[in-house]
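# Geometric and topological summary
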Amino acid sequence: VIDAYLRELAGCLEVPARTRARIVAEARDHLLESAARHGEEQAVESFGPPAELARDFHLQLASTSARRSSALTAVALACALVLLALIGSGPLGDHAPWTNAGLYGLVSFFAAQVAVVAGAIGIARWARYRNDPLFPPERLEDTHRANAVALGCIEAIVLSQAVGVVIHAGSAGDSGWTIALTVATAGLAVVTLAGIAGLVRALARSRPVTVTDQERDDALADLLAAARLSVLLPEWIDLRTHPWRFCLLFASACGIAAAAGHALLDGGIAPITARLLLAGLAIATIEGAAVVLAFAALGGFLRIRA
Amino acid sequence: MRSEALKGHLDGLLLAVVAEEPAHGYEILERLRDRSGGAFALPEGTVYPALHRLEGAGLLKSTWAPGATRRRRVYALTGKGRRALGERRKEWRSFSGAVEAVLAEARA
């Protein structure tokens, strides 16, 4: 009876071979001890159905993997932002001007913004459930989606910077800074690959976890909970009820911030000239349009909007 | 006692039981049953995913130990587990005190 039970248990477990061997060995030890006192039938019955036990293990492994994957994504995102900050305003940028302009700069600039939003959703979800014994199974898929988008964008940053280094390294002049930039990009590539490996592992672990009672996802609730805020947005721009109004407001704020940032980096806003205003308007429009496009393309996938 | 009600407190109970002395899974369940006067009767397999999770969180550590007839996985509390147990005891005292106060008021 015990052997048949253990065979069934082993068949239900979709876990690494080493983990399966340990679980089965522990179950065997327990059942033999219990059978010596109560008989094999009673021992097996008291232990519980193999499928339920396997589900508990699947949930636990999927939960651990989702947490690790979120942590790796957070590290990759932090490294990408530090690299971009160094390029944007530090000595690296001065010695590698291609990285801050043209196609490379454009890809990095927009990919970084999408990575920050997707990463924030993933990190907020991790932070919300970090003290729970298990990550809620109905949130696993959404967490993986957020991490996948964030890591994909970081990969785009790595590739655009790497292409810039390869094409322009010869004309950069100062090879020391070029080497520093190459090392920094390579470092980010390694962290991103570790994040992708973590995500693949997390996806594999969450595959056997079936969710029967699918709850509606709420990215806004996760963000507010992570920031320990209980404030509610005014109903007319609530992300949950009026996602496009919220998007337009957010896009406008991003556009204004981008225009102001560009004006400040370009030598300050005084005196305000027609050229400065025109450039600001163009930047604000491009940034705002990019936010709306990103919301349209990824909002549904990230479950930010219905 | 319903096993669903118990599940929310299972981690703390397991830490408390292992804190007495390192033990293997069956022994841990026996202690849990004995100390609760038989009230905590879970499907026995339930404790293993919880023990693995606590080990993964660094609150327990486990090793294979030779027994009279076979090897057994023995669990022991770590320093982090001891601190976590202290926290859980404090939380439980505060929570049960509050529930008791409300129930007592309702009775009056």
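Structural notes, computed from the coordinates. (Residues numbered from 1 in each chain as written. Chains lettered and ligands numbered in written order. Predicted model: local features only at pLDDT ≥ 70, side-chain atom pairs only at ≥ 80, totals over all residues. Heavy atoms only, no water.)

### Re the overall build of chain B
Each helix and strand in chain B was counted, giving 5 helices and 3 strands. Put simply, chain B has 108 residues, and 42% of those count as buried. For chain B, the share of sequence-separated contacts (at least 6 apart) that also reach a separation of at least 24 residues comes to 45%. Entry remark: accessible area of chain B is about 6,100 Å², with carbon and sulfur atoms responsible for 54%. (Helix = DSSP H or I, 4+ residues; strand = E, 2+ residues; numbered from the N terminus. Buried < 20%, exposed > 50% of the residue type's maximum accessible area, 1.4 Å probe, protein only. Contact = heavy atoms within 4.5 Å. Areas by Shrake-Rupley, 256 points an atom, 1.4 Å probe, with all protein chains shown as cover.)

### Structural notes on the side chain of Arg22 of chain A
Within the secondary structure, Arg22 of chain A is located in helix H2 (residues 17–38). Look at Arg22 of chain A and you get buried, because its relative accessible area is 18%. A polar side-chain atom of Arg22 of chain A sits 3.4 Å from a polar atom in the side chain of Ser62 of chain B. A polar contact of 3.0 Å, which involves the side chain of Arg22 of chain A, links it to the side chain of Tyr75 of chain B. (Polar contact = N/O pair within 3.5 Å; in protein donor to acceptor, adjacent residues only side chain to side chain.)

### Description of the side chain of Arg53 of chain B
Along the chain, Arg53 of chain B falls in helix H4 (residues 47–56). Residue class for Arg53 of chain B comes out buried when judged on its relative accessible area of 18%. In contact with Arg53 of chain B, other than residues within four places in its own chain, are Gln60, Pro133 and Leu134 of chain A together with Asp11 of chain B.

### Structural notes on the interface of chain A and chain B
Listed as interface residues are 20 residues of chain A and, on the opposing side, 23 residues of chain B. Both sides together, the interface formed by chain A and chain B hides about 1,900 Å², and carbon and sulfur atoms give 53% of it. Of all residues in chain A, the largest losses of buried area upon contact with chain B belong to Arg22, Glu26 and His30 of chain A, amounting jointly to 31% of the total for that side. At the boundary of chain A and chain B, one finds 4 salt bridges. (Buried area = accessible area lost by both parts, 1.4 Å probe. Salt bridge = Lys/Arg side-chain N within 4 Å of Asp/Glu carboxyl O.)

### Details of empty space enclosed by the protein
Counting across every chain of the model gives 1 cavity of 30 Å³ or more. Roughly 40 Å³ of internal volume is contained in the largest cavity. Every residue lining the largest cavity is listed: Glu26 and Asp29 of chain A together with His24, Gly25, Tyr48 and Arg73 of chain B. Classifying every residue of the lining of the largest cavity gives 1 nonpolar, 2 polar and 3 charged. (1 Å grid on protein atoms, 1.4 Å probe; cavity = no way out; pocket = protein on both sides within 12 Å on 5 of 7 lines; lining within 4 Å. Points joined across faces, edges and corners; volume = space filled by probe spheres on them. Nonpolar A, V, L, I, M, F, W, Y, C, P; charged D, E, K, R; others polar.)

### Structural notes on the pattern of salt bridges
A full pass over the atoms with the stated rule returns 15 salt bridges over all chains. Notably, a salt bridge pairs Glu20 of chain B with Arg31 of chain B, separated by 3.9 Å at the nearest N-O pair. Placement of the pair is Glu20 of chain B in helix H2 (residues 10–20) and Arg31 of chain B in helix H3 (residues 25–35), with a sequence separation of 11 residues. Overall, Glu20 of chain B belongs to the partly exposed group, its relative accessible area being 46%. Each of the salt bridges in this network shares a partner with another, and the network as a whole consists of Asp29, Glu33 and Arg37 of chain A together with Glu30, Arg33, Glu44 and Arg72 of chain B.

### Examining the pairing of strand S2 (residues 60–66) of chain B
In summary, the side chains of a regular strand alternate between the two faces of the sheet. Both S2 of chain B and strand S3 (residues 71–77) of chain B contribute to a ladder of 7 bridges, which runs antiparallel. Bridge pairing in S3 of chain B links Lys61 of chain B to Ala76 of chain B. (Pairing = 2+ DSSP bridges.)

### Some points on the sheet that holds S3 of chain B
Residue and element names in this part refer to chain B. With antiparallel pairing, the 3 strands of this open sheet are ordered in space as S1-S3-S2. At either margin of the open sheet sits one strand with a lone partner, and together these are strand S1 (23–24) and S2. Against the sheet, H2 engages S2 and S3, with an angle of about 100° to S3. (Axes fitted to C-alpha atoms, helices over the stretch in contact; angles between N-to-C directions.)

### Comments concerning the pairing of S3 of chain B
Extensive coverage of S3 of chain B is indicated by the burial of 6 of its 7 residues. Following S2 of chain B, the chain reverses through 4 residues before pairing antiparallel with S3 of chain B.

### Here we look at the packing of H3 of chain B against H4 of chain B
Between two packed helices, the angle of one axis relative to the other and the distance separating the axes together describe the packing. Residue and element names in this part refer to chain B. Following both chains from N to C, one finds H3 and H4 inclined at 110°, their axes separated by 11 Å at the closest point. If you check the angle between H3 and H4, you find them roughly perpendicular. On H4, the residues that touch Gly25, Tyr26, Ile28 and Leu29 of H3 are Val47, Tyr48 and Leu51. A breakdown of the residues in the contact of H3 with H4 according to their chemical character gives 6 nonpolar, 1 polar and no charged. (Parallel < 35°, antiparallel > 145°, perpendicular 65-115°, else oblique.)

### Observations regarding the environment of Leu59 of chain B
Residue and element names in this part refer to chain B. Along the chain, Leu59 falls in the loop between H4 and S2. Measuring from C-alpha to C-alpha, the distance between Leu59 and Glu91 comes to 17 Å, with 32 residues separating the pair along the chain. The contact partners of Leu59, leaving out residues within four places of it in the chain, are Leu15, Leu54, Ala76, Leu77, Thr78, Lys80, Gly81 and Ala84.

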